[in-house]
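The residues making up each chain are set out below.
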Amino acid sequence: MEEQKAVTSPAMRRLEWLCDASAAIGALVLVVLALMTTVSVVGRAFFSHPILGDVELVQLGCAVVVASFLPYTQFRRANIIVDFFTTKASASAQRLMDAFGLLLYTLMLALVTWRVAVGGIDIYDAQERSMLMDLPLWIPYVLMLPGLALCVLIGLVQLVELLRGVADEADGEVQA
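Q: Is there a simple way to explain the overall build of the chain in this structure?
A: The helix and strand tally for the chain stands at 4 helices and 0 strands. Each helix and strand of the chain, placed in order from N terminus to C terminus, yields the pattern α-α-α-α. Put simply, the chain has 176 residues, and 28% of those count as buried. In the chain, the proportion of contacts linking residues at least 24 apart, taken out of those at least 6 apart, comes to 76%. Put simply, the chain shows about 11,700 Å² of open surface, and 70% of that area lies on carbon and sulfur atoms.

Q: What's the story with the side chain of Glu-56 in this structure? I'm lost.
A: With respect to the element layout, Glu-56 can be found in helix α2 (residues 54–75). Arg-129 is the oppositely charged side chain nearest to the buried, salt-bridge-free Glu-56, at an N-O distance of 9.9 Å. There is a polar contact of 2.6 Å between the side chain of Glu-56 and the backbone nitrogen of Leu-132. Other than its neighbours up to four places away in sequence, Glu-56 contacts Ser-130, Met-131, Leu-132 and Met-133.

Q: What is the right way to read the nonpolar core from this model?
A: Counting residues in each nonpolar core, the largest one holds 8 residues, listed as Val-64, Ala-67, Leu-109, Val-116, Met-144, Leu-148, Cys-151 and Val-152. Breaking this core down by element, the ones donating at least two residues are α2, α3 (91–126) and α4 (138–170). At 4 residues, the largest contribution of residues to this core is made by α4. Ignoring sequence-local partners within four residues, the contact set of Leu-148 consists of Ala-67, Leu-70, Leu-109, Val-112, Thr-113 and Val-116. Counting 6 residues, the second largest nonpolar core, distinct from the first, contains Leu-15, Cys-19, Leu-150 and Ile-154.

Q: I'm lost on α3 in this one. Help?
A: Quick reminder: α-helices carry 3.6 residues per turn. Residues three or four places apart thus point the same way. Between the first and last C-alpha of α3 there are 52 Å, a value that for 36 residues agrees with the 52 Å anticipated at 1.5 Å per step. Where α3 ends, the next residue or the one after it, Gln-127, has phi of about 55°, a positive value.

Q: Hey, could you run me through the environment of Asp-54 in this one?
A: Its location among the elements puts Asp-54 in helix α2. Asp-54 sits 17 residues away from Thr-37 along the chain, and the two C-alpha atoms are 6.7 Å apart. The residues contacting Asp-54, other than those within four sequence positions of it, are Met-36, Ser-40 and Arg-44.

Q: Explain the state of the cysteines to me, please; I cannot follow it from the model alone.
A: The bond known as a disulfide is covalent and runs between the sulfur atoms of two cysteines. Evaluated as defined, the whole model comprises 0 disulfides. With no disulfide of its own, Cys-19 lies closest to Cys-151 among cysteine sulfurs, the gap being 7.7 Å. Judged by relative accessible area, Cys-151 falls into the buried class, the value being 1%.

Q: Teacher, can you tell me more about the pattern of salt bridges here?
A: Working definition: two side chains of opposite charge can pair if their charged atoms are close together. Tallied over the entire structure, the rule returns 5 salt bridges. Among the ionic pairs, Arg-76 bridges to Asp-20, the shortest N-O distance being 2.9 Å. Of this pair, Arg-76 sits in the loop between α2 and α3 while Asp-20 sits in helix α1 (residues 10–47), and the two are 56 residues apart along the sequence. Across the pair Asp-54 and Arg-44 runs a salt bridge whose closest N-O atoms are separated by 3.7 Å. Taken as a pair, Asp-54 in helix α2 and Arg-44 in helix α1 lie far apart in primary sequence, 10 residues in all. Residue class for Asp-54 comes out buried when judged on its relative accessible area of 11%. Salt bridges linked by common partners bring Glu-16, Asp-20 and Arg-76 together as one network.

Criteria and thresholds
Residues numbered from 1 in each chain as written. Predicted model: local features only at pLDDT ≥ 70, side-chain atom pairs only at ≥ 80, totals over all residues. Heavy atoms only, no water. Helix = DSSP H or I, 4+ residues; strand = E, 2+ residues; numbered from the N terminus. Buried < 20%, exposed > 50% of the residue type's maximum accessible area, 1.4 Å probe, protein only. Contact = heavy atoms within 4.5 Å. Areas by Shrake-Rupley, 256 points an atom, 1.4 Å probe, with all protein chains shown as cover. Lys, Arg positive; Asp, Glu negative; His and termini not counted. Salt bridge = Lys/Arg side-chain N within 4 Å of Asp/Glu carboxyl O. Polar contact = N/O pair within 3.5 Å; in protein donor to acceptor, adjacent residues only side chain to side chain. Core = buried A, V, L, I, M, F, W, Y, C linked by side-chain atoms within 4.5 Å. Expected span 1.5 Å × (residues − 1). Disulfide = S-S within 2.5 Å.

Below you can see the structure in the form of structure tokens.
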């Protein structure tokens, strides 16, 4: 497992703060969803009166929660990495493979961010609404965008740092 480096630059401290804020917002939404689900289940079981549209709210809220947690895990490099086949590779080869994987991950997140934005615009234009609660469906799309965009930004910053390490290593200045 890679050792956690101390965040020193002001830009990295800002990114870390944004990641923490995004995760905190995601956690708050998750707690609200859990409480709402509990109230709905209790209402259904004991009073035959659940919260109307609770499943809709959970579906919409979970998309926002996942998008809110992604930057936190990316910033801390806490995503799952399968390195079974690369453990015997040299440090520079591992670093290059990590950079390639990070590039693919960042490109995929950029694609997802773009498509979520386009999807939100299309849903807004079509004025689509949820079936039971009649909520505008573009709202969760918009709420997902900050987390996804932050994750792309973090991936780009990490990729630049990783490639700098590869370049420094090639010049003989091995960086930890």
